[in-house]
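# Per-entry structural report
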Amino acid sequence: MLCPNGEITNQSDSNTCWICPEDYWSNPARNQCLQRSVEYLSFEEPLGSTLASLSIICTLIPVMVLTIFMRHRDTPVVKANNRNISYLLLFALSLCFLCSLIFIGHPVRVTCLLRQTTFGIVFSLCISCVLAKTVMVVIAFNATKPNSNLKKWVGPVLPNSIVFICTMFQVILCICWLTISPPFPVKNRNVQHDKIIIECDEGSGIAFWFLLGYMGLLASVSFVVAFLARKLPDTFNEAQFITFSMLIFVSVWLSFIPAYLSTKGKYMVAVEIFAILSSSAGLFSCLFLPKCYIILLRPEMNTREYLMGKGNVNIK
C-alpha cells in the first residue's frame, strides 16, 4: 500500500507513513523524500534573458529619440504641443521599459517592494503626460477663437499641473500600500508538488488592482478627450495619434487581466513584463515615430507653414 503524496515509509508492508519536510516531496515509490526544485523567472534561462535583452534595447530607443528631439528642439515639429512634456514623456517611457527588469531575478524584499509601485508610478507619469498633451490640443484650438477665455490657460502651467497632480495621486496610493500592507517574497508550495515557486505576495490585492484601475482611468479619460478632438484642423492633429496610442494601451491591459489571472509562477511574471513592454512600445510608436519620420526623412515638412496647412510638399 502506497503512502499518500508527500509521505513516505521505509518499511515494506507498513501502514506507518512519515510526512516529508516542507521543502521536500515523496518520490513515486513513496520510500524517499526528494528536494523540490526552485522556480522563478531568472536572467539565466532563455525566457528571462530574452525579456531582459528586449527591455534594455527598448530602453535605449526613447533615449535616442530624446537626443534627436533635443538636437532639433527649435523646429516646429518638436515645438508643437509643449516640447518639455515630450521630453518628460520620452524619459518616462525609457523608465517604463527599464522597470520590467525589476520583475526578473530571484524575488527579495526590496524587489518585491519596488516591482508594482515603480511600474504604477512610472506608467502614471506616462499617461499623465499624454493626458496633458490631449488637454492642450483642445485648449490650443479653442483659444484661437475670438473672445475665448481659454487663452489664459495656454502655456506650461496647466500641463505641468496635470502631470504633477495625476502622478502624485498614484505616488500617495503607493506610499499607503507600502505603509499598510507591503509586498513580500514567499515560497509557494501549492502550485506544483515537485516545485517551490519563489514569488512576490502583493500584500494587498485591493491596492494592486486599485493601482491598475487608476491607470485605466487616466488612459480612458485621455482616450475620450483625444477621440473627441481627433477631427480638429491639421494643426492640432496629434489627437489622432494620442487616440491610437490610448486604444493600444487599453487593449493591452484589458487582455492582460485574464492572462494574468490564468497563469502561475514565472509565467505570470512574464505576462506582466510582456504587457509592460508592449503597451510602452504602443505609446512610443504612435506618439513619436511619425515625428521622427518628419524630422529625419522629410525635413521639408518640418516647417510652420506645412504644419499650419498653408504649405504644400510634393510627395515623391
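In case you missed it, the structure is sitting above this.
What comes next is a walk through the structure. (Residues numbered from 1 in each chain as written. Predicted model: local features only at pLDDT ≥ 70, side-chain atom pairs only at ≥ 80, totals over all residues. Heavy atoms only, no water.)

### What to know about the nonpolar core
Membership of the largest hydrophobic core comes to 71 residues, with the highest contact counts inside it found for F69, F119, F249, W253 and F288. At the level of elements, α1 (46-71), α2 (76-79), α3 (83-99), α4 (109-142), α5 (157-180), α6 (205-228), α7 (238-262) and α8 (266-297) are the ones that each hand at least two residues to this core. Broken down by element, this core gets its largest block of residues, 15 residues, from α8. Discounting residues that sit within four places of it in the chain, F119 has contacts with C99, F103, L114, L211, L212, M215, W253, E272 and I276. (Core = buried A, V, L, I, M, F, W, Y, C linked by side-chain atoms within 4.5 Å. Buried < 20%, exposed > 50% of the residue type's maximum accessible area, 1.4 Å probe, protein only. Helix = DSSP H or I, 4+ residues; strand = E, 2+ residues; numbered from the N terminus. Contact = heavy atoms within 4.5 Å.)

### Quick notes on the packing of aromatic side chains
Each aromatic ring pair is described using two quantities: the centre-to-centre distance and the angle formed by the ring planes. Per the counting criterion, the structure on display carries 14 aromatic pairs. Measuring from centroid to centroid gives 4.9 Å for F256 and Y260, while their planes differ by 40°, and the two rings are tilted. Taken together, the residues F256 and Y260, both in helix α7 and four residues apart, mark about one turn of the helix. Given the relative accessible area of 3%, F256 is considered buried. Look at Y260 and you get buried, because its relative accessible area is 9%. Linked through ring pairs, F119, F123, F208, W209, F249, W253, F256 and Y260 together constitute an aromatic cluster. (Phe/Tyr/Trp six-rings, centres within 6.5 Å; stacked < 30°, edge-to-face > 60°.)

### Brief notes about the packing of α4 against α6
Between α4 and α6, the shortest axis-to-axis distance is 9 Å and the interhelical angle comes to 15°. Overall, the two elements α4 and α6 adopt an arrangement that is roughly parallel. Seen from above, α4 lies across α6 with left-handed handedness. From α4, Q116, F119, G120, F123, S124, I127, S128, V130, L131, T134 and V138 reach across to α6, where they touch F208, L211, L212, Y214, M215, L218, A219, V221, S222, V225 and A226. Residues belonging to the contact of α4 with α6 are distributed by class as follows: 16 nonpolar, six polar and no charged. (Axes fitted to C-alpha atoms, helices over the stretch in contact; angles between N-to-C directions. Parallel < 35°, antiparallel > 145°, perpendicular 65-115°, else oblique. Left-handed = near helix turned anticlockwise from the far one by under 90°. Nonpolar A, V, L, I, M, F, W, Y, C, P; charged D, E, K, R; others polar.)

### Observations concerning the pairing of strand β7 (residues 195-201)
Within β7, five of the seven residues are buried, which leaves it mostly tucked inside the rest of the structure. Where strand β5 (residues 37-39) meets β7, three bridges bridge the pair, whose relative direction is parallel. By the bridge assignment for β7, E39 is matched with I197. In this sheet, β7 lies alongside strand β6 (residues 184-188) in antiparallel orientation, the contact comprising five bridges. Each bridged residue has a counterpart across the sheet, and for V186 the counterpart in β7 is E199. In sequence, β6 turns back onto β7 through a hairpin of six residues. (Pairing = 2+ DSSP bridges.)

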